[in-house]
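What follows is the residue order along each chain.
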Amino acid sequence: MQTDFELDTTGMACPVPIVKTAKKMREMSTGQTLKIISDDDGFRADIVAWCESTGNEFLQLEETDGKLIGYVRKAV
Amino acid sequence: MHLGFLIMTAPYTFQNMDHAIGLMEAALDKGHTCEVFLYMDGVIASSAHIKPGQDRNLPNKLQVLMERGVRVTSCGVCCNYRGVKLSDFQDGIKQAGLAALGRMIIAADRVVTLGF
């Protein structure tokens, strides 16, 4: 999936991947997309929950080589 | 009304899990909805390996609540610190982190915190 930005949070535990995602999204414009890489198991549900509570759009979650890759679109 | 329960103590050591289960049973009977976030030592109740013999089986009671529509989420980092693996989880319990706790707090009309 083509994205506008990428954020690697490998090695970071909850809540840091979500905090860094939120910080990055604040720098982005509405409609832009972000790819987030994480090896924190909680990220799987957290990224969906964070999108639900902030109104941003959750696009997809993939698992590759033990890493979770989430895609989100800035909606607000 | 949608109720959120934040449980931060270990089952059997404290009665918080029992209180939460009793409150949720009563709330569901009255037509309310509930969800649970297991945090700190509360994550121990995620384990399907708890075998209390003749005593009350709290993970099984959580299972019955989940079958009634209660979402149960367990903090992933808290599990890591206590050696509770995802593969140990009672069926239906999901692992997540503080974003999921934040979502529960926003979604709930009331949050009941049962801690130390």
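In what follows, the accompanying structure is described.

## Overview of the overall build of chain B
Point 1. When helices and strands are counted, chain B shows four helices and five strands.
Point 2. Written out in order from the N terminus, the α and β elements of chain B read β-α-β-α-β-α-β-α-β.
Point 3. For a compact globule of 116 residues, the expected C-alpha radius of gyration is about 13 Å, and chain B comes in at 13 Å, within 12% of that figure.
Point 4. Projecting the C-alpha coordinates of chain B onto the three principal axes gives extents of approximately 35 × 35 × 25 Å.
Point 5. Out of the 116 residues in chain B, the part that is buried amounts to 43%.
Point 6. Summarising the internal contacts of chain B: among those between residues at least 6 apart in sequence, 74% fall at separations of at least 24.

## Details of the sheet that holds strand E2 (residues 33–38) of chain A
Residues and elements named next belong to chain A.
Point 1. Strand order across the open sheet formed by four strands is E1-E2-E4-E3, with mixed pairing between neighbours. The open sheet has two edge strands, strand E1 (5–8) and strand E3 (57–64), and neither has a second partner. Within the sheet, the average angular offset between the axes of one strand and its neighbour, ignoring direction, is 15°.
Point 2. Note: E3 against strand E4 (residues 67–73), seven bridges, orientation antiparallel. Residue pairing for E4: Leu61 is matched across the bridge by Gly70.

## A word on the interface of chain B and chain A
Reports of interface size often rely on the accessible area that becomes lost once the parts have come together.
Point 1. Taken together, the contact pairs 14 residues of chain B with 13 residues of chain A.
Point 2. For the side of chain B that touches chain A, the secondary structure elements donating two or more residues are helix H3 (76–82), strand E4 (94–96) and helix H4 (98–107) of chain B.
Point 3. It is H4 of chain B that contributes the most residues to the side of chain B that touches chain A, six residues altogether.
Point 4. For the side of chain B that touches chain A, the residue count by class is seven nonpolar, five polar and two charged.

## Things to note about the sheet that holds strand E1 (residues 2–7) of chain B
Residue and element names in this part refer to chain B.
Point 1. If you trace the five strands from one edge of the open sheet to the other, you get E4-E3-E2-E1-E5, paired in parallel fashion. At either end of the open sheet lies a strand with only one pairing partner, and these are E4 and strand E5 (110–114). Ignoring which end each strand starts from, the neighbouring axes of this sheet average 25° apart.
Point 2. Pairing of E1 with strand E2 (residues 33–38), which is carried by six bridges, proceeds in the parallel orientation. The residue bridging Gly4 from the neighbouring strand is Glu35, located in E2.
Point 3. Its contacts with the sheet put H4 on E1, E2, strand E3 (71–75), E4 and E5, and the angle it makes with E2 is roughly 150°.

## A look at the packing of helix H2 (residues 43–54) of chain A against H4 of chain B
Point 1. Where H2 of chain A meets H4 of chain B, the axes come as close as 7 Å, and the angle between the chain directions of the two elements is 35°. For the pair H2 of chain A and H4 of chain B, the sense of crossing is left-handed. The residues of H4 of chain B that touch H2 of chain A, namely those facing Ala45, Asp46, Ala49, Trp50, Glu52 and Ser53 of chain A, are Ala99, Ala100, Gly102, Arg103 and Ile106 of chain B.
Point 2. Considering only residue class, the contact of H2 of chain A with H4 of chain B consists of six nonpolar, two polar and three charged.

Cut-off values and rules
- Residues numbered from 1 in each chain as written.
- Chains lettered and ligands numbered in written order.
- Predicted model: local features only at pLDDT ≥ 70, side-chain atom pairs only at ≥ 80, totals over all residues.
- Helix = DSSP H or I, 4+ residues; strand = E, 2+ residues; numbered from the N terminus.
- Rg over C-alpha atoms; globule rule 2.2 N^0.38 Å.
- Buried ≥ 20, exposed ≤ 12 C-beta atoms within 10 Å, placed from the backbone.
- Contact = placed C-beta atoms within 7 Å.
- Pairing = 2+ DSSP bridges.
- Axes fitted to C-alpha atoms, helices over the stretch in contact; angles between N-to-C directions.
- Nonpolar A, V, L, I, M, F, W, Y, C, P; charged D, E, K, R; others polar.
- Left-handed = near helix turned anticlockwise from the far one by under 90°.

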